[in-house]
Amino acid sequence: MDLPQTPSFRLDGRRALITGASRGIGLGAACALAQAGADVVLAARSSDELSAICDALKQAGYQASFLELDVTDVATTKERIDGAGPFDILVNNAGVNRPGPMTTMTEDDYDTVMNLNVRAAYFVAQVVVAQMIKAGCGGSIINTSSQMGHVGGIDRTVYCASKFAIEGMTRALAIEVGEHNIRVNTVCPTFIATPFTAATLADPERVAWIKSKIKLGRIGEIEDVMGAYVFLASDAASLITGTSLLIDGGWTAG
Ligand SMILES: NC(=O)c1ccc[n+]([C@@H]2O[C@H](COP(=O)([O-])OP(=O)(O)OC[C@H]3O[C@@H](n4cnc5c(N)ncnc54)[C@H](OP(=O)(O)O)[C@@H]3O)[C@@H](O)[C@H]2O)c1
């Protein structure tokens, strides 16, 4: 009897670009993809950190290199990605938050968050998708969104606007590139302990609020999100596109 075989979760022979890979969730995603067999290219502004991470990955037997990239500089980013591609997998992850009540938000806060979380992510996806279409081999685009792309959060009017925008971009792009076998999805974490959340997680009142919302009762760790990137990049997710994978410990369940 021929039993169905689980499609592979391995990524051998695939090349992946990960933005915001010098720390936090991007670093976790890069390590996860490398450990699953992908040749990973880590991008961020801090080349010293990227170089040290690549050395550690290579010492562990994985394939890794890096691109020093400020993704808000769209022209240079397009040029560098053009020179380094094509890629089979993009983790579009670099992001920032400027939390605070709306009445305190400045134009600089608004522009900084939107510029990185939406504008830069859009044009990184544009150049990678163009390469994927030209190469004709399909691909997987994984945008790091947030649970805050699905619900509102305290002090997060601008951040939520940026992550809801990424959710919209993901769905529209999935419609556009499905015929090229390019899948586009988001990973939507809850609060994960990274430098990004250090200030929020240093406030006991906020931690109590967060734990009251997460049904599993704990703050996330980088390891909690790693498997999602491997899954969405792999053949195991070959019919999954235009959707979100929430890693929220049940926050959005109610
Ligand atoms: N941590 C959470 O609780 C959480 C929850 C949901 C969603 N997210 C999302 O997950 C993503 C990563 O968050 P994180 O917690 O890992 O943040 P993080 O620890 O602050 O890391 C952010 C990464 O983005 C890079 N980056 C920032 N500005 C950049 C730029 N202009 N060009 C290129 N790279 C840039 C940083 O590297 P350099 O400084 O070296 O450039 C760093 O590698 C973000 O999109 C965030 O919105 C985070």
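Worth saying up front: this structure is predicted, and the values here are computed from it rather than measured.

Asker: Can you explain the sheet that holds strand E6 (residues 182–189)? Please cite residues and give values.
Answerer: Strand-to-strand pairing in sheets goes through backbone hydrogen bonds, with the strands running parallel or antiparallel. Spatially, 7 strands are ordered E3-E2-E1-E4-E5-E6-E7 in an open sheet, and the strand pairing comes out parallel. Looking along the sheet, the strands with just one partner apiece sit at the ends: strand E3 (63–68) and strand E7 (244–247). Averaged over all adjacent pairs, the angle separating strand axes in this sheet is 15 degrees, with direction ignored. In this sheet, E3 lies alongside strand E2 (residues 39–44) in parallel orientation, the contact comprising 6 bridges. By the bridge assignment, Val40 is partnered in E3 with Ala64.

Asker: Residues and numbers for the packing of helix H3 (residues 74–84) against helix H4 (residues 107–135), please.
Answerer: As a packed pair, H3 and H4 sit with axes 10 Å apart at the nearest point and diverge in direction by 30 degrees. Here H3 lies roughly parallel to H4, going by the angle between them. Crossing angle aside, the handedness with which H3 passes H4 is right-handed. Of the residues in H4, those in contact with Val74, Thr77, Lys78, Ile81 and Asp82 of H3 are Arg119, Phe123, Val124, Gln126, Val127, Val128 and Gln131. Counted by class, the contact of H3 with H4 contains 6 nonpolar, 3 polar and 3 charged residues.

Each value, and the rule that gives it
- Residues numbered from 1 in each chain as written.
- Predicted model: local features only at pLDDT ≥ 70, side-chain atom pairs only at ≥ 80, totals over all residues.
- Heavy atoms only, no water.
- Pairing = 2+ DSSP bridges.
- Helix = DSSP H or I, 4+ residues; strand = E, 2+ residues; numbered from the N terminus.
- Axes fitted to C-alpha atoms, helices over the stretch in contact; angles between N-to-C directions.
- Parallel < 35°, antiparallel > 145°, perpendicular 65-115°, else oblique.
- Left-handed = near helix turned anticlockwise from the far one by under 90°.
- Contact = heavy atoms within 4.5 Å.
- Nonpolar A, V, L, I, M, F, W, Y, C, P; charged D, E, K, R; others polar.

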